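Residue-level structural notes
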Amino acid sequence: MTSKPLFGTLVAFVIGCFLAPVGRAEDATTALRSSGWKRYTIDNSSLGADGVRSADVNADGLPDLVCGWEQGGVSRIYLMQRNQGARPTWLRIDAGQAPDVEDAMLVDLDRDGAIDVVSSTEGKSRKVLIHWAPSSPGRYSDSSLWKTETLFENRSRWMFAVAMDVDGRYGPDVIVGGKGQNGVVGWLQCPANARDLSAWTFHKLTDVTWTMSIMCRDMNADGLPDVLVSDRKGEREGVFWLQHPGKAQASVRHPWPKTWVADDLHEVNFIDAYDFDGDGIEEILATHKQGEDLGRLSILHRRRDQSWKGRPVNIPSWITKPKAIQVGDINLDGQPDLVLSAENAVNGRSGIIWLEFSDHWDTPKWSTHDISGPDGIKFDSNLLLDLDSDGDLDVINTEENNNSQNGSAGLGLIWYENPTKN
């Protein structure tokens, strides 16, 4: 990626200031914009890169990736390859066709030792697909040996999935979240033989309008994983959690008890969780919208009376419509930093930035640093991994908006090299 000239950077910054919505509280945030981090392309050969997730699928100690290509209609795995001291290269595997895929997840669903892929699809497809991996490790990278089947379908448009052992019986079950008129969050109960797709049982947990995030978190400290959800639309939009009723009751007690963390966050997007104050209770970070165009970032803190209070984090005018937030120590100072992505990075604005607190985590004033520069428009969730093994966290993301606008591959699946240890 070429560096942006200083004059162009200043012009873009001035334009961004004029375009900033009223009430952004710009003076409370230190904006430190540069030309961004160096960008590397992992894949831009298909269309509509829509989210990235990670697991070590071949047990070699290196993080591998999975990405769903929405317009391309395929879910792909990327096996990380690296010689000593070199930046990574990637061996690409087409796990299977997945029309209108919104999310792809890595999980060994049939417990044969080979990591499979679960794809959540919307559009006209509206299916949860399972891409079965070849059981032989030596054949894992042969795309022709993968087998795609429908794990579940109904009228919901499926947006996101996570693996979770809900009932303690046969291995990983699957929590799925949908969108639209028939949107629900529920769980698919794994049978004794996971390959017998007719034996899987779906249990509805709650209605939703637009699932954005699903996280497994023990929200009430009872030793059981609860389900934390962000719902982007609806009469009550925001963040809530569903209480696990116990393994013996999980498949018979529906719906699970529902507790709202915040039901006043307009168009909430992706969330993350981190215990900033070290009290054993994680704060929840949420990107959301306020007014027509004003993007917001809030840290939700649980108080002693069990109610939640939102604490704002100011963001600069050169990033709008925040999409995803992740926590990690970016500059290796021992303090948690924030990586924020956006879905409307136009007119010279940045699509990915990182923030460090200047005073204390629960004050609005955070210093802001550029990552992506002005290239790219619609980014998704951030994955923080040390891809080059230099000791700092790099940022992996996908950028899809160019695809839908002009039919090109856009930036695709990319990563940004953290300059801290360079």
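Before going into details, it helps to say that this report is about the structure given with it. Please read all numbers here as calculations on a predicted model, not as lab measurements. (Residues numbered from 1 in each chain as written. Predicted model: local features only at pLDDT ≥ 70, side-chain atom pairs only at ≥ 80, totals over all residues. Heavy atoms only, no water.)

Observations concerning the overall build of the protein
What counts, and what does not: Where helices and strands are cited, they refer to DSSP runs of H or I of at least four residues and of E of at least two residues respectively, numbered from the N terminus. Each residue gets one of three labels from its accessible area relative to the maximum for its type: buried under 20%, exposed over 50%, partly exposed in between, using a 1.4 Å probe on protein chains only. Residue contacts follow a heavy-atom distance rule, with two residues in contact if any of their heavy atoms lie within 4.5 Å. Surface accessibility in these figures is a Shrake-Rupley result with a 1.4 Å probe; residues are shielded only by whichever protein chains are displayed.
Secondary structure summary: the protein contains two helices and 29 strands in total. Burial analysis of the protein (422 residues in total) assigns 56% to the buried set. The long-range fraction of contacts in the protein, counting pairs at least 24 apart against all pairs at least 6 apart in sequence, stands at 51%. Carbon and sulfur atoms make up 47% of the accessible area of the protein, which totals about 17000 Å².

Some details on the sheet that holds strand E18 (residues 258-262)
The pairing of strands in a sheet comes from backbone hydrogen bonds and takes either a parallel or an antiparallel form. Cut-off, in case you're wondering: We treat two strands as partners when DSSP finds at least two bridges between them. For helices, the fitted axis covers only the stretch in contact; all axes are lines through C-alpha atoms, and the angles between them, taken along N-to-C directions, range from 0 to 180 degrees.
What the four strands build is an open sheet, ordered E15-E16-E17-E18; its pairing is antiparallel. Strands at the two margins of the open sheet, each flanked by one partner only, are strand E15 (211-217) and E18. On average, each strand axis in the sheet is tilted by 25 degrees relative to the strand beside it, whichever way the strands run. Where strand E16 (residues 226-231) meets strand E17 (residues 238-242), five bridges bridge the pair, whose relative direction is antiparallel. Residue pairing for E17: Asp231 is matched across the bridge by Gly238.

Re the nonpolar core
Under the convention used in this document: Joining through side-chain atoms within 4.5 Å is the link that ties buried Ala, Val, Leu, Ile, Met, Phe, Trp, Tyr and Cys residues into a set, and such a set is a nonpolar core.
If you look at the biggest cluster of nonpolar residues, it comprises 19 residues, and the most contacted ones within it are Leu109, Val128, Leu151, Val174, Leu188 and Trp200. Elements that contribute at least two residues to this core include exactly strand E7 (101-107), strand E9 (127-132), strand E10 (147-153), strand E11 (157-164), strand E12 (173-179) and strand E13 (184-189). Of all the elements, E9 adds the most residues to this core, at three residues. The contact partners of Trp200, leaving out residues within four places of it in the chain, are Leu109, Leu151, Pro172, Val174, Leu188, Gln189, Cys190, Pro191 and Ala194.

Topic: the packing of aromatic side chains
Applicable threshold: Centres within 6.5 Å are what make two rings of Phe, Tyr or Trp a pair, Trp counting through its six-membered ring; a difference in plane orientation under 30 degrees is then read as stacked, over 60 as edge-to-face, and the rest as tilted. Distance and angle both matter: a charge sits over a ring if NZ of Lys or CZ of Arg is within 6 Å of the ring centre and within 35 degrees of the ring normal.
Applying the stated rule across the entire model yields nine aromatic pairs. Here the basic side chain of Arg232 rests over the ring of Trp210, its NZ or CZ set 4.5 Å away from the ring centre. A cation over an aromatic ring shows up here: Lys258 above the ring of Phe240, its NZ or CZ 4.2 Å from the ring centre.

Brief notes about the sheet that holds E11
Strand order in the open sheet formed by four strands is E11-E12-E13-E14, and the pairing between neighbours is antiparallel. The sheet terminates laterally at E11 and strand E14 (201-207), the two strands that pair on one side only. Neighbour-to-neighbour, the strand axes of this sheet turn through a mean angle of 25 degrees, independent of strand direction. Sheet topology note: the E13/E14 ladder contains six bridges and is antiparallel. Opposite Val185, over in E14, you have Thr206 as the bridge partner.

Description of unusual backbone geometry
We note that Asp100 has phi near 60 degrees; this positive angle belongs to a residue other than glycine. Structurally, Asp100 is set in the loop between strand E6 (89-97) and E7. Residue class for Asp100 comes out partly exposed when judged on its relative accessible area of 25%. Phi angles above zero are rare outside glycine, and Lys321 is one such case at about 50 degrees. Here Lys321 is to be found in the loop between strand E22 (308-312) and strand E23 (322-328). Owing to a relative accessible area of 30%, Lys321 belongs among the partly exposed residues under this scheme.

Observations concerning the side chain of Thr287
Filter applied, for reference: What qualifies as a polar contact is a pair of N or O atoms within 3.5 Å, subject to a donor-acceptor requirement within protein and to the restriction that residues adjacent in sequence count only when both atoms come from side chains.
By the element assignment, Thr287 lies in strand E20 (residues 283-290). At a separation of 3.0 Å, a polar atom in the side chain of Thr287 contacts the main-chain carbonyl oxygen of Lys323. Thr287 has contacts with Glu267, Val268, Asn269, Phe270, Arg296, Leu297, Pro322, Lys323, Ala324, Ile325 and Leu340, leaving out every residue within four places of it along the chain.

Looking at the environment of Asp337
Mapped onto the elements, Asp337 comes out in strand E24 (residues 337-342). It is 7.0 Å that separates the C-alpha atoms of Asp337 and Trp354, two residues lying 17 residues apart in sequence. Asp337 has contacts with Gln326, Val327, Gly328, Asp329, Ile330, Asn331, Trp354, Leu355 and Glu356, leaving out every residue within four places of it along the chain. Engagement of the side chain of Asp337 in a polar contact is seen with the backbone nitrogen of Asn331, the distance being 3.4 Å.

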